[in-house]
Structure formats: structure tokens, C-alpha cells
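# Breakdown of the fold
Now for the letters of each chain:
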Amino acid sequence: MQVARLSVWQGDITTLSVDAIVNAANESLLGGGGVDGAIHRAAGPELLACCRDLNGCPTGEARITPGFRLPSRWIIHTVGPVWHGALRNESALLAACYRACLALAIQNNVRSIAFPAISCGVYGFPAESAARIAVAECKAALALHAGLEKILLVAFDAKMAAILTATLFAFDDTV
Ligand code: APR
């Protein structure tokens with residue numbers, strides 16, 4: 001039986017010993033609340049100093065930094081869209097975030113990567129449609145890149161874990 005290369009995990013992404021964790025940042029890359037705040041707190045002050053040199057990141061793109069004091073070697077910072085009721089191409093921008101993060105992961109020989117629910121907190125993106133985008137983009141990358149051994153979709157609470165799990169299984173049925 002093939003080991004699932006895409007799975008859901010519930011907890012604090014900063015504790016994961018994977019090659020890369022993804023940060024749901026803002027365009028300044030200078031930290032914030034939510035998972036951004038947790039990652040900066042856990043990674044330590046060197047992360048902020050490193051991010052200052054990146055001069056920000058446009059929505060839909062991604063940047064990579066070391067993980068510093070985190071157990072993960074890399075942090076891939078991406079900026080998800082703020083939800084405006086599907087009036088500003090939000091779904092395409094969110095899909096672009098996943099693709100940009102996965103492209104950077106592959107370029108840096110990352111084999112295991114964990115994603116938070118990008119844009120599903122402060123940025124207000126509806127969780128169900130965000131989960132469908134996350135699963136679709138991750139499955140597409142796994143099909144193309146054998147070097148990607150493990151993708152974890154991280155939920156911080158049980159509600160998001162249930163949504164991601166249901167989406168993952170619904171997707172598997174359609175293969
Ligand atoms: N581990 C995993 N997931 C987490 C953690 C954590 N430690 N903390 C929060 N989350 C989850 C939230 O529950 C949510 O489901 O991450 C998801 C994304 O929520 P936010 O962190 O609010 O990110 P986002 O909605 O993309 O908004 C980004 O918030 O923190 C600021 O600087 C950030 O301006 C940016 C904006």
C-alpha cells in the first residue's frame with residue numbers, strides 16, 4: 001500500500017521537523033500575528049533581520065529563508081490574498097501561492113514540506129474552497145516531482161482539520 005504523500009496534521013507548524021514549513025506572511029515579510037507571529041517567535045530574531053533584506057514579497061509569490069531556531073531547515077514565506085468575496089481573483093492568487101512555494105521547495109531539494117491554511121485566518125478566505133485549492137495544487141506537484149516525498153496540510157484547530165481531511169478524501173475518490 002503506497003504511503004500517503006499528502007496528509008493532514010493538526011497542531012503547531014513551528015514544532016514540525018520537516019525540511020520546510022510555509023509561512024502565511026504579509027507583503028512586508030516583517031512579521032505579524034497568527035502563524036506569521038508564531039514562526040517569527042520560534043525562529044528567533046535572526047529571521048526578521050534576514051527578511052528585512054528580502055524587501056517584501058508580492059501577493060501570490062514566495063521567498064525562502066533558513067529556519068534559524070526552528071526544527072525545520074527552511075521557511076518558505078508566501079503572501080496569500082485577502083478575501084474580498086471572489087471579486088479580486090483571490091482563488092487564482094491562492095493557487096499561485098501553493099505553486100510558488102512548491103517550486104521553491106523543488107529548487108531547494110526539499111523533500112518534506114508543511115503548509116498552514118494560507119489566507120484562512122486574518123485574510124478571511126473561505127476554508128472549504130481554500131482546502132480544495134491546497135489539495136489540488138499539492139496533488140499536481142506530487143504527480144510531477146518524485147523528489148517531493150511528503151506534504152503536510154497543517155490545521156491549527158479541529159474544524160480546519162475536518163475540512164482538510166474531507167477535501168483530501170473527496171479528491172482521492174475522484175482520481
Ligand atoms: N501553526 C499552524 N497553523 C496556525 C498557527 C500555528 N502556530 N497559528 C495560526 N495558524 C493557522 C490559523 O488558524 C489559520 O487557519 O494558520 C491559518 C492562517 O491564518 P493567519 O495566520 O491569520 O494567516 P492569513 O489568514 O494568511 O493572514 C495573514 O495575518 O499574521 C498576519 O502577518 C500576517 O498579515 C498577515 C496575515
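Our subject is the structure listed above.
Our subject in this report is the structure included herewith. Since we're looking at a predicted model, the values are computed, not measured.

Here is what the cut-offs are and how they apply
Residues numbered from 1 in each chain as written. Predicted model: local features only at pLDDT ≥ 70, side-chain atom pairs only at ≥ 80, totals over all residues. Heavy atoms only, no water. Buried < 20%, exposed > 50% of the residue type's maximum accessible area, 1.4 Å probe, protein only. Helix = DSSP H or I, 4+ residues; strand = E, 2+ residues; numbered from the N terminus. Pairing = 2+ DSSP bridges. Right-handed = clockwise from strand over helix to strand, strands pointing away. Core = buried A, V, L, I, M, F, W, Y, C linked by side-chain atoms within 4.5 Å. Contact = heavy atoms within 4.5 Å. Near = heavy atom within 4 Å. Polar contact = N/O pair within 3.5 Å; in protein donor to acceptor, adjacent residues only side chain to side chain. Areas by Shrake-Rupley, 256 points an atom, 1.4 Å probe, with all protein chains shown as cover. Nonpolar A, V, L, I, M, F, W, Y, C, P; charged D, E, K, R; others polar. Phe/Tyr/Trp six-rings, centres within 6.5 Å; stacked < 30°, edge-to-face > 60°.

Covered by surrounding structure in strand β5 (residues 112–115) are Ser112 and Ala114 together with Ile113 and Phe115, the residues of both alternating faces. Relative to β5, strand β2 (residues 20–25) runs parallel, the two sharing two bridges. Each bridged residue has a counterpart across the sheet, and for Ile21 the counterpart in β5 is Ala114. Here β5 runs beside strand β6 (residues 150–155); their pairing, made up of four bridges, is parallel. Bridge pairing links Ser112 to Lys150 in β6. This β-α-β element, β5 to helix α4 (residues 127–144) to β6, shows right-handed connectivity.

Ranked by internal contacts, the top residues of the largest apolar core, which has 36 residues, are Ile76, Ile113, Phe115, Ile151 and Leu153. Only β2, β4 (74–79), α3 (90–107), β5, α4, β6 and α5 (158–174) provide two or more residues apiece to this core. In terms of residue count, the dominant contributor to this core is α4 (nine residues). Once residues within four sequence positions are removed from consideration, Leu153 is found in contact with Leu6, Ser7, Val8, Trp9, Phe115, Ala134, Val135, Cys138 and Leu164. Core analysis: the next-biggest nonpolar cluster, separate from the first, contains 17 residues, Ile13, Leu16, Ala25 and Ile39 among them.

Our next topic: the site of the ligand. Neighbouring the ligand are 21 residues; Asn26, Gly33, Val35, Asp36 and Gly121 lie closest to it. With respect to the ligand, the backbone of Gly33 contributes an N or O atom lying 2.7 Å from an oxygen atom. In the model, an oxygen atom of the ligand is placed 2.8 Å from a nitrogen or oxygen of the Gly121 main chain. For the ligand, the protein covers 90% of the area, taking 700 Å² as the surface of the free molecule. Listing elements by their share of the shell around the ligand, those giving two or more residues are β2 and α1 (34–43). Residue composition of the shell around the ligand, grouped by class: eleven nonpolar, eight polar and two charged.

The final tally for this structure, using the stated rule, is two aromatic pairs. Aromatic side chains Tyr98 and Phe115 sit 4.8 Å apart centroid to centroid with 40° between the ring planes, which places their arrangement in the tilted category. Here Tyr98, found in helix α3, pairs with Phe115, found in strand β5; they are 17 residues apart in sequence, far enough to count as distant. Judged by relative accessible area, which is 2%, Tyr98 ranks as buried. Given a relative accessible area of 1%, Phe115 falls into the buried group.

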